Amino acid sequence: MSAAFRVARFFDSTEDLPMRRFPIAGSSLLFAILLALPLASAQDADNAESVQDPVDDAADVETGIDIEVPGGEIVVLGKRDRNLQRASAQAIAVLSAEDIARTGEGDIAGALGRVTGLSVVGGGFVYVRGLGDRYSAALLNGLPLPSPEPLRRAVPLDLFPTDVIASSLVQKTYSPNYAGEFGGGVINLTTQAVPDAPFFSASVGITGDTETTGQLGYQYSGSDTDWTGYDDGSRRTPSALRDFLASGQRLSAGTIDAARIARQFARSSNALVQHNDRIEPNFSGSISGGTSRDLADGRLGLIATAGFGNRWRTRDNVQQTPGSADLSVVDKDYREVASENRVVANALVGLGYEFGSHRLRWTSLYIHDTLKRASLSEGVQNNQRTGQDFREQGTAWYERELLNTQLNASFRFDPLSLDVRAGYAKSGRDAPYEMNFGYSRSNREGNPYGSYFLNRLDNGQTGFARVAFSELDETLWSAGADLSTRTLGDSVLTAGVDIADTRRDSARREFQVVAPSSLPNAVAMFRPDYLLGAAVIDYYGIGLIETTESDPAFAAQLRTRAGYLQLQTALREELELNVGARYERGEQDVWPKQVFSGFTNSGALTRLSENYVLPAATLTWKFHDTMQLRLNASRTIARPQFRELMFQAYFDPESNRSYRGNPLLVDSEFTNAEARYEWYFSREERFSLAGFWKQIHRPIEAFTGFNDNTPVTSYANAPQATLYGAEIEATKFFGLERFAGLPLLASRQLVMAGNYTFSQSKLEVSPNDVVAVFGTAAQPATNFFVDGSPLAGQSDHLVNLQFGLESNSRLSQQTLLLSYGSDRVTSRGAAGLPDIYESPGLTVDIVVREGFELFGQDLELKLEGRNLLRRGYREFQERDGNRVFYNRYDIGTNFSISVSAKF
């Protein structure tokens, strides 16, 4: 944030500083390079064999890529050229540990963003082919994961550091061994396995970015242990509030001493926003180790890893709302500066035992992720309360935690094989003392208090004070078994069962402080902790109301029971068929909890109970030694997420928007088809071209309305949508021996990889279609959706390019990474207004990895530069050349340096 938001004291005036703009290069060069890449790949194979081994059918060497999936473990054996993507019966993409390291990403979400057709949206949620995170599933070693996010049932993948993940598999075509919720695809993460030899490694790193590090930011003191991500108890629920919550009484009944509760809310440690003149750099560190021991009948292995990271991010954000249908008038026009301190701690322990052809594997994973946020904003509201300036501040603490433990077992009794898995996972989110205060000042002439900001605690007319406490807990039990047998020659028949039981409890209690009209202006100027001090509350009779009294707590449950049958067979030597079907029963319930004695809640409950038969078939024609063609067709579903069904208000700091669920949502149903051509012309080198088509019945789409001039997003089932597109991907290695006169180049190879996804989607809405939204009568679908509009989250164009130099003899890699995403819808606009879009644009990164020796110890140095073109974030509505920005801020360029050692 080079142009600092100059508020040295809370009541100083704010200087209006323009946002910076940086020119962004066009995407035509990307497309030209990408189209040229397959042509380069078509060169004579001899050109590559100096670097890559030729295809050798006699080889029988294990590749080392080991992925746990439902339906059995996939281990690639045979010639090194036969990678998992080629051998699999489905269309998949695999990121090995080396692939992840080459991207230099610190979390698995960033690494997956380099995969064909995948994009990462807000907070680490991965979209497959432009379909929202609700249409994709995340698995850990073949078992589902719970989410600590109130808004989603999907788990944010930026929670997973790359250090704990051995490989990642993305499957885009459906097969019955996976759960039926497979609209876009499934992402399966596999943790480290039994090590071949003892090892110990450690790494430390430091990072910073041009918008945050060394710049002005904001913070609040909190507790002494905040830097660890763990509160020292300072944020525990205050005694008066705890007694009130346990009483079962309502504040509106008038029997509760509201002043006693209000007195314990604000303190200087949690309510006073302070400026930090120079935000410190980020730091991180990790250690990992493993060992194995041969026993009489097998091998026992242990692996463990732990990591810690502390980083800051400051956003200088423009936030607007429209004031007219043509967007020529801006109503709310605010500038907010928010500083976020994110602290992540993680640990993984794995124990494996291999005996004969059998294997047992126990894995436990712990992730603790905390976000501490302080913000200060100032602006005007032109359509309402004109002649006033507004200043708002917020402090918050969001603490997320994930604990997962699981057991996987594989038994091989030729021709039978049995795979069994079971897991328990628990996630939670705690957000105490989410505090927001609003002040205003009159800019009319003759006002004696015109130069001062006042908070008269009158529900936003001149000010407000709101305090919220929220808590979420989710547990997930899951188990499955798969029995396979070889029959009719090389055919494999597999039968399996899966069960899963997810339970979520969510509570949010928000309180608004109110004062009588007699509150003096001199008192209304007090800073937040003085304004809500005990003396002021008692003397002026300040009270409290609960804004979440109608439905303060919800519970949700999803139970699935499934069985499947799948056959993989060779119709002819070059023609393979994978066919099967899955029967899946799902029961999903969401209901408001009875919190208050003798008080009936809103009745905003949901019960969905559906049975599905989901067929799938993939035909693979291996018409050449290095080429094959796949055809796939399937039926799948997508269920509403818990948060989308809960009729409960929630503010998301990531998107700066409030959300409320719709209990009337129903399941979406998919019909899928895909054709894919694949060419594996050398080891690790490939070219593929695919076309896909999806028809979605009742897709779930977000729409945005306004509540007191504040945008609120909810959800509804659109009638129908169609998605279609094409993907192209290529990876090629070039030997540089021809540069014998340049030793620095002659010992290296050039790595070129690229992928491009073109997709188109459109909603199909007719005048007779209706939409069900809780709290209103059935309405015409045209009130919410426009026929022909694209699906939310879908970019027409996604491009990833990778150019690198790698040494053939030692660790030395220099990689340039380019990513481009075209504009995509984030939410439907309110009635009469256009849709809201975001613009990912072009980002350019560089990653350098270099091995060296110091005092006899092998070390690795990694240097990273992210977002070198300083691409900013833009979320906007546009009409007739007019734009309104819901969020607009600069991201800046991020630089990092880390050193790791393996002993």
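Because the structure is a prediction, the values reported are computed rather than measured. (Residues numbered from 1 in each chain as written. Predicted model: local features only at pLDDT ≥ 70, side-chain atom pairs only at ≥ 80, totals over all residues. Heavy atoms only, no water.)

S.K.: Looking at this structure, how should I read the overall build of the protein chain?
M.R.: The helix and strand tally for the protein chain stands at 13 helices and 44 strands. Here the protein chain holds 903 residues, and the buried ones make up 57% of them. Counting contacts in the protein chain only where the partners sit at least 6 residues apart, residues at least 24 apart contribute 73% of the total. (Helix = DSSP H or I, 4+ residues; strand = E, 2+ residues; numbered from the N terminus. Buried < 20%, exposed > 50% of the residue type's maximum accessible area, 1.4 Å probe, protein only. Contact = heavy atoms within 4.5 Å.)

S.K.: Before we go on, may I ask you to explain the nonpolar core in this structure?
M.R.: Soluble, globular proteins show a tendency: their nonpolar side chains are buried together. Counting residues in hydrophobic clusters, the biggest one holds 31 residues, and the most contacted among them are Ile261, Phe265, Met435, Leu457, Leu532 and Leu544. Listed by contribution, the elements that provide at least two residues to this core are helix H6 (239–247), helix H7 (258–263), strand S18 (416–442), strand S19 (464–487), strand S20 (491–514) and helix H11 (534–540). Ignoring anything within four residues of it in the chain, the contact list for Leu457 reads Gly463, Phe464, Ala465, Val513, Val514, Ala515, Leu531, Leu532 and Ile542. If you look at the next biggest cluster of nonpolar residues, it comprises 30 residues, including Tyr659, Leu665, Ala716 and Ala721. (Core = buried A, V, L, I, M, F, W, Y, C linked by side-chain atoms within 4.5 Å.)

S.K.: How do you make sense of the environment of Ile303 when you look at a structure like this?
M.R.: The residue Ile303 is located in strand S14 (residues 299–322) in this model. Setting aside residues no more than four positions away along its own chain, Ile303 makes contact with Gln192, Ala193, Phe199, Gly289, Gly290, Leu348, Val349 and Gly350.

S.K.: Help me understand the sheet that holds strand S26 (residues 650–652) in this model?
M.R.: By way of backbone hydrogen bonds, the strands of a sheet pair with one another, either parallel or antiparallel. The four strands lie next to each other as S26-S27-S31-S30, forming an open sheet whose pairing is mixed. One side of each edge strand has no neighbouring strand; the edge strands of this open sheet are S26 and strand S30 (700–707). The mean angle between the axes of side-by-side strands here comes to 35 degrees, regardless of whether they run parallel or antiparallel. (Pairing = 2+ DSSP bridges. Axes fitted to C-alpha atoms, helices over the stretch in contact; angles between N-to-C directions.)

S.K.: Help me understand the packing of aromatic side chains, please; the structure alone is not making it clear to me.
M.R.: What describes a pair of aromatic rings is the distance from one ring centre to the other and the angle between the planes of the rings. Scanning the entire structure with this criterion turns up 21 aromatic pairs. Centroid distance Trp227 to Phe308: 6.3 Å. Interplanar angle 80 degrees. Geometry classified as edge-to-face. Highlighted residues: Trp227 in the loop between strand S11 (217–219) and H6 and Phe308 in strand S14, separated in sequence by 81 residues. Each residue in the set Phe244, Phe265, Tyr433, Phe469 and Phe511 is aromatic and connected to the rest through ring pairs, giving one cluster. (Phe/Tyr/Trp six-rings, centres within 6.5 Å; stacked < 30°, edge-to-face > 60°.)

S.K.: I tried to follow the side chain of Gln877 on my own but got confused; where do I start?
M.R.: Relative to the helices and strands, Gln877 is located in strand S42 (residues 873–879). Judged by relative accessible area, which is 0%, Gln877 ranks as buried. One polar contact links Gln877 to Tyr886, side chain to side chain, over a distance of 2.8 Å. Every residue in contact with Gln877, bar those within four places of it in the chain, is listed here: Pro322, Leu327, Gly829, Leu833, Pro834, Asp835, Ile836, Asn882, Arg883, Val884 and Tyr886. (Polar contact = N/O pair within 3.5 Å; in protein donor to acceptor, adjacent residues only side chain to side chain.)

S.K.: For this particular structure, what's the right way to read the sheet that holds strand S8 (residues 165–171)?
M.R.: Sheet architecture is open: five strands sit in the order S3-S8-S9-S6-S7, paired in mixed fashion. Both outer strands of the open sheet, strand S3 (92–95) and strand S7 (143–144), are each paired with one neighbouring strand and no more. Note that strand S6 (residues 136–140) and strand S9 (residues 185–191) share five bridges and pair parallel. Along S9, the bridge assignment pairs Leu139 with Asn188.

S.K.: Help me out: how do you make sense of the side chain of Gln794 in this one?
M.R.: Looking at the secondary structure, you find Gln794 in the loop between strand S35 (779–780) and strand S36 (797–807). Residue classification places Gln794 among the buried positions, given a relative accessible area of 3%. From its side chain, Gln794 meets the backbone oxygen of Ser759 in a polar contact 2.9 Å long. At 3.0 Å, the side chain of Gln794 and the side chain of Asp796 are in polar contact.

S.K.: What is the right way to read the confidence of the model for the protein chain from this model?
M.R.: Per-residue pLDDT for the protein chain has a mean of 83; in total, 83% of the residues score no lower than 70. Here helix H2 (residues 46–49) stands out as the least confident element of the protein chain, with mean pLDDT 38; S11 is the most confident, with 96. Within the model, pLDDT remains below 50 along residues 73–81, and this stretch shows 37 contacts once partners closer than five positions in the same chain are excluded. (pLDDT = per-residue confidence, 0-100.)

S.K.: What is the right way to read a nonpolar patch on the surface from this model?
M.R.: Nonpolar side chains collect at one region of the surface, where Leu295, Leu300, Leu302, Val349, Leu351, Trp362 and Leu407 lie side by side and expose about 540 Å² of accessible area between them. Contributions of two or more residues to the nonpolar patch are made by S14 and strand S15 (330–355). Residue position: Trp362 is located in strand S16 (residues 358–381). The partly exposed category is assigned to Trp362, whose relative accessible area is 34%. (Patch = residues over 30% accessible without salt bridge, like charges linked within 9 Å, V, L, I, M, F, W, Y side chains within 5 Å. Areas by Shrake-Rupley, 256 points an atom, 1.4 Å probe, with all protein chains shown as cover. Salt bridge = Lys/Arg side-chain N within 4 Å of Asp/Glu carboxyl O.)

S.K.: Just to check I follow, could you spell out the pattern of salt bridges for this structure?
M.R.: For side chains bearing opposite charge, pairing can occur when the charged atoms are close. Applying the stated criterion across every chain, the model contains 53 salt bridges. With a closest N to O distance of 2.7 Å, Arg828 and Asp835 form a salt bridge. Grouping residues by exposure puts Arg828 and Asp835 together as buried. What you see here is one network of salt bridges that share partners, running through Glu181, Arg421, Asp482, Asp498, Arg582, Glu584 and Arg639.

S.K.: Can you help me understand the environment of Phe885 in this one?
M.R.: Along the chain, Phe885 falls in strand S43 (residues 882–889). Considered as a pair, Phe885 and Val318 are 567 residues apart in the sequence and their alpha carbons are 6.9 Å apart. With residues near it in sequence (within four places) discarded, Phe885 still touches Val318, Gln319, Gln320, Arg874, Glu875 and Phe876.

S.K.: I'm lost on the pairing of strand S10 (residues 199–209) in this one. Help?
M.R.: Every other side chain in a regular strand lies on the same face of the sheet, so the side chains alternate between the two faces. Where S10 lies against strand S13 (residues 282–294), nine bridges are found, and the strand directions are antiparallel. Each residue of the ladder has a partner; that of Phe199, found in S13, is Gly290.

S.K.: Hey, could you run me through unusual backbone geometry in this one?
M.R.: Following Asp414, the chain continues to Pro415 via a peptide bond in cis, the omega torsion being 10 degrees. Along the chain, Pro415 turns up in the loop between strand S17 (388–413) and S18. One non-glycine residue, Leu327, lies in positive phi territory at about 65 degrees. Counting through the fold element by element, Leu327 comes out in the loop between S14 and S15. Positioned with a positive phi, Asn867 is a non-glycine residue whose angle comes to about 55 degrees. With respect to the helices, strands and loops of the structure, Asn867 is situated in the loop between strand S41 (857–866) and S42. Residue class for Asn867 comes out buried when judged on its relative accessible area of 8%.

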